[in-house]
Amino acid sequence: MGPSFAGGTRIFNRAGAEFKVTGDGDFFPRSATTTFLNEGTFTKSGAGTTDFLAGFFGGSFSAFILDNQGTLNLTGGDLVLRGGGSSTTPIQVQAGATLTLASDFSYAAGTSLSGAGTIQFNSGTHDLTTGQFLPSGTVNFNGATVTIGNAIAPNSLGPFKGIVNFNADQTLDSLTLQGTIGGSGNLALTGTSTLTSGGFGGAGQLIVPTGSTLNVPSGGQLNRVLDNQGKVNLGS
């Protein structure tokens, strides 16, 4: 556990300044919601986890919110945003670093979330419009509600949990679905994909291309147009 801050305290990291966390170092809201305003550079480096905490402390809920208006320099370890927040500037997660989004987070027009590191959506609501989500590393949809307005091409995708809405056409390889995929974009599944729980909804088509396989268990939900050009195993 890192330093604690009195309820209502604000931290101002001004333009031209740098706030650096090396290794572990949590932000603990002691009794009420607290805000970190970053107008300069916030750097997370080294191994370990830095956690902007949220929860019930002393009988009442409090959270440490990140208001990013400067630069998030994520070079190593894991930055976990349990208190949520917002960004008015692009966020890039470098290779070897992880950004874990564990509450509502808003992304201003003209910003983006990208990088060769790991991006995890654990909880909360995340609305990423056209051109805002550009990952080239690992993406894990672990339980949040995420809406994406452009095609994505991450290096690796973990199991899909929670709700992911694609409002642009996607081609994804060997997907494991444990939640719900919706949205208006068509979804083409190459390789072998498996629906273990949840299902597919939304206005877009679900396409199984030639040479690809989709395994659907009994009770799996296919609530969108299915265009099968390969193999679908129902009840598998």
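Anything mentioned here points back to the structure above.
What you see is a predicted model, and the numbers here were worked out from it, not measured in a lab. (Residues numbered from 1 in each chain as written. Predicted model: local features only at pLDDT ≥ 70, side-chain atom pairs only at ≥ 80, totals over all residues. Heavy atoms only, no water.)

Visitor: Explain the packing of aromatic side chains to me, and be specific about the residues and the numbers.
Guide: Within the structure shown, the criterion is met by 16 aromatic pairs. Relative to Phe-27, the ring of Phe-19 lies with its centre 5.9 Å away and its plane at 45°, an arrangement referred to as tilted. We classify Phe-19 as partly exposed; its relative accessible area is 27%. Given a relative accessible area of 3%, Phe-27 falls into the buried group. Grouping aromatic residues by their ring pairs yields a cluster made of Phe-19, Phe-27, Phe-36, Phe-42, Phe-52 and Phe-64. (Phe/Tyr/Trp six-rings, centres within 6.5 Å; stacked < 30°, edge-to-face > 60°. Buried < 20%, exposed > 50% of the residue type's maximum accessible area, 1.4 Å probe, protein only.)

Visitor: Which residues make up the sheet that holds strand β6 (residues 41-45), and what values go with them?
Guide: The 6 strands lie next to each other as β3-β6-β10-β13-β16-β19, forming an open sheet whose pairing is parallel. Unpaired on one side and paired on the other, β3 (18-22) and β19 (133-135) mark the two borders of the sheet. Looking at each pair of strands side by side, their axes are set apart by 15° on average, direction ignored. (Pairing = 2+ DSSP bridges. Helix = DSSP H or I, 4+ residues; strand = E, 2+ residues; numbered from the N terminus. Axes fitted to C-alpha atoms, helices over the stretch in contact; angles between N-to-C directions.)

Visitor: Please set out the layout of surface pockets residue by residue, giving values where relevant.
Guide: Each pocket or cavity is described by its volume, and for the largest pocket that value is around 160 Å³. Forming the walls of the largest pocket are 15 residues, and the residues nearest its centre are Pro-154, Ser-156, Leu-157, Leu-172 and Asp-173. Contributing elements (two or more residues each) for the lining of the largest pocket: β21 (156-157) and β23 (170-173). For the lining of the largest pocket, the element with the most residues is β23, which contributes 3 residues. Residue classes in the lining of the largest pocket are distributed as 8 nonpolar, 6 polar and 1 charged. (1 Å grid on protein atoms, 1.4 Å probe; cavity = no way out; pocket = protein on both sides within 12 Å on 5 of 7 lines; lining within 4 Å. Points joined across faces, edges and corners; volume = space filled by probe spheres on them. Nonpolar A, V, L, I, M, F, W, Y, C, P; charged D, E, K, R; others polar.)

Visitor: With reference to specific residues and values, describe unusual backbone geometry.
Guide: A positive phi angle, close to 50°, is found at Ser-174, a residue other than glycine. Tracing the chain through its elements places Ser-174 in the loop between β23 and β24 (176-177). In this structure Ser-174 comes out as partly exposed when scored by relative accessible area, which is 37%.

Visitor: Kindly report on the sheet that holds strand β33 (residues 231-234), identifying the contributing residues and their values.
Guide: Taken together, the 4 strands give an open sheet; going across it, the order is β24-β27-β30-β33, and neighbouring strands pair in parallel fashion. Both edges of this open sheet fall to β24 and β33, since each of them pairs with a single strand only. Alignment of strand β27 (residues 192-195) against strand β30 (residues 213-216), held across 3 bridges, turns out to be parallel. Among the inter-strand pairings, Thr-192 is bridged to a residue of β30, identified as Thr-213.

Visitor: Quick rundown of the pairing of strand β22 (residues 161-166)? Include the residues and the values.
Guide: Put simply, side chains in a regular strand alternate between the two faces of the sheet. Bridging between strand β20 (residues 138-148) and β22 involves 5 bridges; their strand directions are parallel. Across the sheet, residue Thr-145 finds its bridge partner in β22, namely Ile-163. Here β22 pairs with strand β25 (residues 180-182) via 3 bridges, running parallel. Across the sheet, Ile-163 pairs through a bridge with Thr-180, a residue of β25.

Visitor: Please give an account of the environment of Leu-53 that cites residues and values.
Guide: With respect to the helices, strands and loops of the structure, Leu-53 is situated in the loop between β7 (49-52) and β8 (54-57). A relative accessible area of 12% places Leu-53 in the buried class. When the C-alpha atoms of Leu-53 and Asn-38 are compared, they prove to be 17 Å apart, with 15 residues separating the residues in sequence.

Visitor: Can you lay out the pairing of strand β14 (residues 97-102) for me, pointing to particular residues and giving the numbers?
Guide: Of all 6 residues in β14, 6 are buried, a share of seventy percent or more. As judged from the 5 bridges shared by strand β11 (residues 77-81) and β14, these two strands associate in the parallel manner. Considered in β14, the bridge of Val-80 is made with Thr-100. Sheet topology note: the β14/strand β17 (residues 118-123) ladder contains 5 bridges and is parallel. Pairing of Leu-101 across the sheet is with Phe-121, part of β17.

Visitor: Help me get a handle on the pattern of salt bridges, residues and values and all.
Guide: Evaluation of the coordinates by the stated rule reveals 2 salt bridges. Note that Glu-39 and Arg-14 form a salt bridge whose closest N and O atoms lie 3.2 Å from each other. Here Arg-14 lies in the loop between β2 (10-13) and β3 and Glu-39 lies in the loop between β5 (34-38) and β6, a separation of 25 residues in the sequence. One salt bridge in this structure joins Asp-51 and Arg-82, with 2.7 Å as the shortest N-O distance. (Salt bridge = Lys/Arg side-chain N within 4 Å of Asp/Glu carboxyl O.)

Visitor: Could you give an account of the side chain of Thr-89, with specific residues and numbers?
Guide: By the element assignment, Thr-89 lies in the loop between β12 (85-87) and β13 (91-93). For Thr-89, a relative accessible area of 17% puts it in the buried group. Only 3.1 Å separates the side chain of Thr-89 from the side chain of Asn-68, close enough to count as a polar contact. (Polar contact = N/O pair within 3.5 Å; in protein donor to acceptor, adjacent residues only side chain to side chain.)

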